[in-house]
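Coordinate inspection notes
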Amino acid sequence: MGQAARDSEKSLFVSLVVTILIIAAGLIVFYFLSKEMHQQVITGTSKLGSLNTLKNSQTENANKTADIKSIISDNQKKVMYIEVNRGSNVVTGSGFLYDTSGDIITNAHVVEGASTVKVKTYDGQVYNGTVIGRSKDVDVALIRVPELAGKTPVKISSRKGEIGDPVIAMGSPLGLQNTATTGIISGVNRDFTIPPYEYKGVYQISAPISPGSSGGPLLDQNTGEVLGVNSAGTVEGVIGFSIPINQVLPLVENWSKNPSKPQNDQYADYTADQQEDNQDSQPIREKAEALVQSFYQFIDEQDYVTAYSLLGSDWQNSTSYQAFRTGYLRTESVRILNIVSHDKDSNHAEVTVIIEALELTDQNTERISQYMCTYIVGYENDKLKILSGTARKI
């Protein structure tokens with residue numbers, strides 16, 4: 001073989017070896033790259049968030065929905081349907097169980113003119129309820145149902161609601177029991193008047209309410225606690241108003257501890273079962289003395305609601321219940337030392353009474369004071385009332 005042929009074979013051999021080496025190297029590199037890629041976890045970002053974030057968000061939403069459902073389910077047992085028979089009319093409203101004594105908070109306008117009402121629970125049980133307290137100025141009343149004593153009441157919130165708070169309004173709008181609507185507190189400190197009631201500092205809510213919702217609870221959507229008493233709505237039904245619960249608690253607590261006798265008008269009608277009409281033979285001065293003695297008995301017991309109910313309409317129009325109550329808050333006890341009376345005419349008597357009061361001073365020390373008080377007592381709508389009075393310290 002010539003030299004040229006040998007050189008050609010050698011060159012071909014070298015090219016073949018190089019090619020094999022290149023292929024082998026490529027296979028080795030491909031093997032290691034493939035292995036590395038299988039061991040790595042591919043991560044990345046997205047405008048929609050990570051997979052874990054999306055899962056957490058979905059879980060939170062599911063929990064929130066579950067919480068709302070449980071809040072509604074739990075409180076349905078404590079929200080009542082109220083029916084008031086007004087002759088040819090039947091008025092319906094709502095209320096909620098306030099304490100373990102079987103007391104139900106509702107609106108005063110729901111039970112206006114009634115001493116007893118029908119109360120229907122979530123499970124269809126119907127009971128007779130007695131109105132044991134009703135305010136003249138604040139649209140709130142209290143109904144007692146003895147059969148509900150010992151039942152678990154609602155939870156009362158200790159905080160004041162704020163704009164943006166998510167809420168649930170519960171009640172029986174248009175007679176549809178166990179209705180729940182959701183929304184937010186869309187305004188605070190709203191003031192308006194729907195005679196005879198004044199609404200001051202109330203919540204404006206976006207949760208729809210309708211006739212029949214009145215007296216139902218406004219619940220904190222996060223805690224299930226009662227923030228207010230649903231009381232009024234616009235004609236369009238897109239805005240509602242709820243009285244903050246802290247405004248009504250002093251009234252209902254007092255009524256619960258000192259329940260009024262059955263009522264026939266806007267106030268606790270204590271005198272209805274004591275008074276005889278003005279046609280009987282008993283001198284009016286004797287009945288007037290008994291009425292004034294009852295008045296001071298209730299003041300001594302700190303039952304200001306019933307004491308206030310004994311005042312005539314002119315006195316009540318000039319002095320709100322809150323102002324009346326405030327005037328006696330520093331009086332710890334009171335007793336009558338002397339009482340005299342005389343008839344002014346067949347329907348009026350003048351009663352003069354000397355009382356001794358144990359009072360707290362501004363320095364929170366006790367002092368005993370004596371007052372001479374003179375009252376004109378007379379009939380108003382066939383009921384004996386304290387029409388006017390003056391007092392001076394002696």
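**Some remarks on the packing of aromatic side chains**
- The final tally for this structure, using the stated rule, is 11 aromatic pairs.
- Centroid distance Tyr 304 to Tyr 328: 6.4 Å. Interplanar angle 15°. Geometry classified as stacked. Residue Tyr 304 is found in helix α5 (residues 304–309), and its partner Tyr 328 is found in the loop between α7 (321–326) and β13 (331–345); the two are separated by 24 residues along the sequence.
- Between Tyr 308 and Tyr 321, the aromatic rings sit 5.6 Å apart at their centres with planes inclined by 80°, giving edge-to-face as the arrangement. Of this pair, Tyr 308 sits in helix α5 while Tyr 321 sits in helix α7, placing them 13 residues apart in sequence. With respect to class, Tyr 308 is no different from Tyr 321; both count as buried.
- Within the aromatic cluster, the residues linked to one another by ring pairs are Phe 295, Tyr 296, Tyr 304, Tyr 308, Trp 315, Tyr 321, Phe 324, Tyr 328 and Tyr 375.

**Digging into the nonpolar core**
- The biggest cluster of nonpolar side chains holds 76 residues, and the ones touching the most others in it are Phe 295 and Tyr 375.
- Beyond its immediate stretch of four places on either side in the chain, Phe 295 contacts Ala 307, Leu 310, Leu 311, Phe 324, Tyr 328, Tyr 375 and Ile 386.
- Core analysis: the second largest hydrophobic core is formed by 9 residues, Ile 185, Ala 207, Ile 209 and Leu 227 among them.

**Let's talk about the pairing of strand β9 (residues 197–205)**
- Judged by how many residues are buried, β9 sits mostly within the fold: 7 of 9 residues are covered.
- Sheet analysis places strand β8 (residues 179–194) next to β9, joined by 6 bridges and oriented antiparallel. Residue pairing across strands places Arg 190 opposite Val 202, the latter belonging to β9.
- Counted between consecutive antiparallel strands, the loop separating β8 from β9 contains 2 residues.
- Of the pairings in the sheet, the one linking β9 to strand β12 (residues 240–244) comprises 3 bridges and is antiparallel in character. Counterpart to Tyr 203 in the pairing with β12 is Ser 242.

**Structural notes on the sheet that holds β9**
- One closed barrel holds the 6 strands; their spatial order is β7-β8-β9-β12-β11-β10, and the pairing between them is antiparallel. The mean angle between the axes of side-by-side strands here comes to 50°, regardless of whether they run parallel or antiparallel.
- Where helix α3 (residues 245–257) meets the sheet, it contacts β9, β11 (226–233) and β12, and its direction lies at approximately 50° from that of β12.

**Concerning the environment of Val 167**
- Position of Val 167 relative to the elements: it lies in strand β7 (residues 166–171).
- Between the C-alpha atom of Val 167 and that of Leu 218, which follows or precedes it by 51 residues, the distance is 6.6 Å.
- Here Val 167 is in contact with Thr 181, Thr 182, Gly 183, Ile 184, Ile 185, Leu 218, Leu 219, Gln 221 and Leu 227, once residues within four sequence places are set aside.

**Section: helix α4 (residues 284–300)**
- With 17 residues, α4 extends 24 Å from end C-alpha to end C-alpha; this agrees with the ideal 24 Å at 1.5 Å per step.
- Every buried residue of α4 is accounted for by Ile 284, Lys 287, Ala 288, Glu 289, Leu 291, Val 292, Ser 294, Phe 295, Tyr 296, Phe 298 and Ile 299.
- On its buried face, α4 sits against α5, α7, β13, β14 (348–360), β15 (366–380) and β16 (383–393).

**Observations concerning the confidence of the model for the protein chain**
- Looking at the protein chain as a whole, the pLDDT averages 82, with 76% of positions reaching at least 70.
- The low-confidence segment residues 40–49, where pLDDT is below 50, has 2 contacts with residues more than four positions distant or belonging to other chains.
- A low-confidence stretch, residues 263–280 stays under pLDDT 50, and its non-local contacts, those more than four residues away or across chains, total 53 contacts.

**Details of the sheet that holds strand β2 (residues 89–97)**
- In spatial order, the strands read β1-β2-β3-β6-β5-β4; together these 6 strands close into a barrel with antiparallel pairing. Each neighbouring strand pair of the sheet contributes to a mean axis angle of 40°, computed without reference to strand direction.
- Bridge analysis of strand β1 (residues 79–86) against β2 gives 8 bridges, and the strand direction is antiparallel. When the sheet's bridge partners are listed, Tyr 81 is paired in β2 with Ser 94.
- Lying on the sheet, α3 is in contact with β2, β3 (103–106), β5 (126–134) and β6 (141–144); it crosses β6 at an angle near 45°.

Criteria and thresholds
- Residues numbered from 1 in each chain as written.
- Predicted model: local features only at pLDDT ≥ 70, side-chain atom pairs only at ≥ 80, totals over all residues.
- Heavy atoms only, no water.
- Phe/Tyr/Trp six-rings, centres within 6.5 Å; stacked < 30°, edge-to-face > 60°.
- Helix = DSSP H or I, 4+ residues; strand = E, 2+ residues; numbered from the N terminus.
- Buried < 20%, exposed > 50% of the residue type's maximum accessible area, 1.4 Å probe, protein only.
- Core = buried A, V, L, I, M, F, W, Y, C linked by side-chain atoms within 4.5 Å.
- Contact = heavy atoms within 4.5 Å.
- Pairing = 2+ DSSP bridges.
- Axes fitted to C-alpha atoms, helices over the stretch in contact; angles between N-to-C directions.
- Expected span 1.5 Å × (residues − 1).
- pLDDT = per-residue confidence, 0-100.

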